[in-house]
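As a plain string of letters, each chain reads:
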Amino acid sequence: ETGVTQSPTHLIKTRGQQVTLRCSSQSGHNTVSWYQQALGQGPQFIFQYYREEENGRGNFPPRFSGLQFPNYSSELNVNALELDDSALYLCASAPTSGSYNEQFFGPGTRLTVL
Amino acid sequence: AQRVTQPEKLLSVFKGAPVELKCNYSYSGSPELFWYVQYSRQRLQLLLRHISRESIKGFTADLNKGETSFHLKKPFAQEEDSAMYYCALRATSGSRLTFGEGTQLTVNP
């Protein structure tokens, strides 16, 4: 059983550009959540996907969008990048069956916007 | 709205001393509370959750609904406990986690 993986590990973009971050869920998990963690802060919920549908969204503008694929992997897309988008982006997957609904986190993608 | 507050950004104790990491929350319903830990160069991982009522690595946490708190405690800190600790709340099963800002615990030899 493999854990949650994310790619790339780091990337650097400039203001106004677009970025796509990728996440592979842990085997058997069909729910993926994305979080933004700014420096010195706790993770903030962006949105969650369940069986390819958005299933909850945090307080982030529409330029943050996502996709979930049939294999339950996921993408986070951010358009028109701003300096404040510089952060660690975390992906977490969870099984939805059973009461032990722990979220398993990936290592994150460090995005720097210049 | 739900909110999690961890009043201490940094906490330093000596090995063998008791440690308590504070967490307060605001939520009108019945939340699930969690403690997550991030060791150096490792990913965020679940330490314990209030519904399990178990002790993990010597840590315990009791949900106090009257005081809306979920403090993490360990009677005798070890150097390997040094890490960043996040308290988190989940309003309904499967929904978002709301995290506090975290407490960096350092256990000195």
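Remember, it's a predicted structure, so these values are computed and weren't measured experimentally. Here the residue numbers are simple positions, counted from 1 along each chain's written sequence. Chains and ligands are labelled by the order in which they are written, letters from A for the one and numbers from 1 for the other. At least 70 in pLDDT is required for a residue's local features to be given in this predicted model, at least 80 for side-chain atom pairs to be given and counted, and no such filter applies to totals for whole chains, interfaces and linings, which use all residues. By convention in this description, side-chain values take in all heavy atoms of the structure and omit both hydrogens and water.

A. Fine view of the sheet that holds strand 8 (residues 72-74) of chain B. Residue and element names in this part refer to chain B. Read from one edge to the other, the open sheet built from 3 strands follows the order 3-8-7, with strand pairing classed as antiparallel. The sheet terminates laterally at strand 3 (19-21) and strand 7 (60-61), the two strands that pair on one side only. Bridging between strand 7 and strand 8 involves 2 bridges; their strand directions are antiparallel. Counted as the bridge partner of Ala-61 is Leu-72 from strand 8. What makes two strands pair is DSSP finding at least two bridges between them. Secondary structure elements are taken from DSSP: a helix is a run of H or I of four residues or more, a strand is a run of E of two residues or more, and numbering for both begins at the N terminus.

B. Region of interest: the interface of chain A and chain B. Residue contacts are counted whenever heavy atoms from the two residues lie within 4.5 Å of one another. Listed as interface residues are 22 residues of chain A and, on the opposing side, 17 residues of chain B. The quantity reported as buried area is the accessible area (1.4 Å probe) lost by two parts once they are put together, taken as the sum for both. Between chain A and chain B lies a buried interface of about 1600 Å² when both sides are counted; carbon and sulfur atoms form 45% of it. Looking only at chain A, the three residues that lose the most surface to chain B are Pro43(A), Asn101(A) and Phe105(A), adding up to 31% of its buried area. Each salt bridge in this description consists of a side-chain nitrogen of Lys or Arg and a carboxyl oxygen of Asp or Glu lying within 4 Å of one another. Counting across the chain A and chain B interface gives 0 salt bridges. Polar contact criterion, stated in full: a pair of N or O atoms within 3.5 Å, where within protein one must be able to donate a hydrogen and the other to accept it, and residues adjacent in sequence count only if both atoms are side-chain atoms. Remark: the boundary between chain A and chain B carries 6 residue pairs in polar contact (both at pLDDT 80 or more). Sorting the residues of the side of chain A that touches chain B by element identifies strand 4 (31-37), strand 5 (44-50) and strand 6 (53-57) of chain A as the ones contributing at least two each. Asp, Glu, Lys and Arg are counted as charged, while Ala, Val, Leu, Ile, Met, Phe, Trp, Tyr, Cys and Pro are counted as nonpolar; the rest, among them Gly, fall into the polar class. Here the residues of the side of chain A that touches chain B are counted per class, giving 8 nonpolar, 12 polar and 2 charged.

C. Looking closely at the state of the cysteines. Residues and elements named next belong to chain A. Any two cysteine sulfur atoms within 2.5 Å of one another count as a disulfide. The final tally for this structure, using the stated rule, is 2 disulfides over all chains. Between the sulfur atoms of Cys-23 and its disulfide partner Cys-91 the distance amounts to 1.7 Å. Disulfide Cys-23-Cys-91: torsion about the S-S bond near -55°, hence left-handed. Of this pair, Cys-23 sits in strand 3 (residues 19-24) while Cys-91 sits in strand 9 (residues 87-94), placing them 68 residues apart in sequence. As far as the burial class goes, Cys-23 and Cys-91 line up, both buried. The cut-offs for exposure are 20% and 50% of the maximum accessible area for each residue type, with area from a 1.4 Å probe on protein chains only; residues under the lower value are buried, those over the upper are exposed, and the others partly exposed.

D. Structural context of unusual backbone geometry. Following Ser7(A), the chain continues into Pro8(A) via a peptide bond in cis, with omega recorded as -10°. Here Pro8(A) lies in the loop between strand 1 (5-7) and strand 2 (10-13). In this model, Ala80(A) sits at a positive phi of 45°, which is unusual for a non-glycine residue. Within the fold, Ala80(A) resides in the loop between strand 8 (74-78) and strand 9. In the Ramachandran plot, Arg41(B) falls in the positive-phi region, its phi being about 65° despite a non-glycine side chain. Locating Arg41(B) in the fold gives a position in the loop between strand 5 (32-38) and strand 6 (45-49). Note on Arg41(B): relative accessible area 84%, which makes it exposed.

E. Main features of the nonpolar core. All names here are of chain B. Within the largest apolar cluster, 24 residues are counted, with the highest numbers of intra-cluster contacts made by Trp-35, Leu-72 and Tyr-85. Where this core is concerned, the elements lending two or more residues are strand 2 (10-14), strand 3, strand 5, strand 6, strand 9 (83-90) and strand 11 (103-108). When residues in this core are grouped by element, the largest group, 4 residues, is from strand 9. What Leu-72 contacts, discounting residues up to four positions off in sequence, is Val-19, Glu-20, Leu-21, Trp-35, Leu-47, Leu-48, Phe-59, Thr-60, Ala-61 and Tyr-85. Working definition of a nonpolar core: buried Ala, Val, Leu, Ile, Met, Phe, Trp, Tyr and Cys residues. They are joined through side-chain atoms within 4.5 Å.

F. Local environment of the sheet that holds strand 1 of chain A. Residue and element names in this part refer to chain A. Pairing in this open sheet of 4 strands is antiparallel, and the strands run 1-3-8-7 from one edge to the other. The sheet is open, and its two edges are formed by strand 1 and strand 7 (64-68), each paired on a single side. When the angles between neighbouring strand axes are averaged without regard to direction, this sheet yields 20°. In terms of strand pairing, strand 3 meets strand 8 through 5 bridges, oriented antiparallel. Within strand 8, the residue paired with Cys-23 across the bridge is Ser-74. Here an angle of 0 to 180 degrees is reported between the N-to-C directions of two axes, which are lines fitted to C-alpha atoms, with helices fitted over the stretch in contact.

Just distances and angles here, no functional claims.
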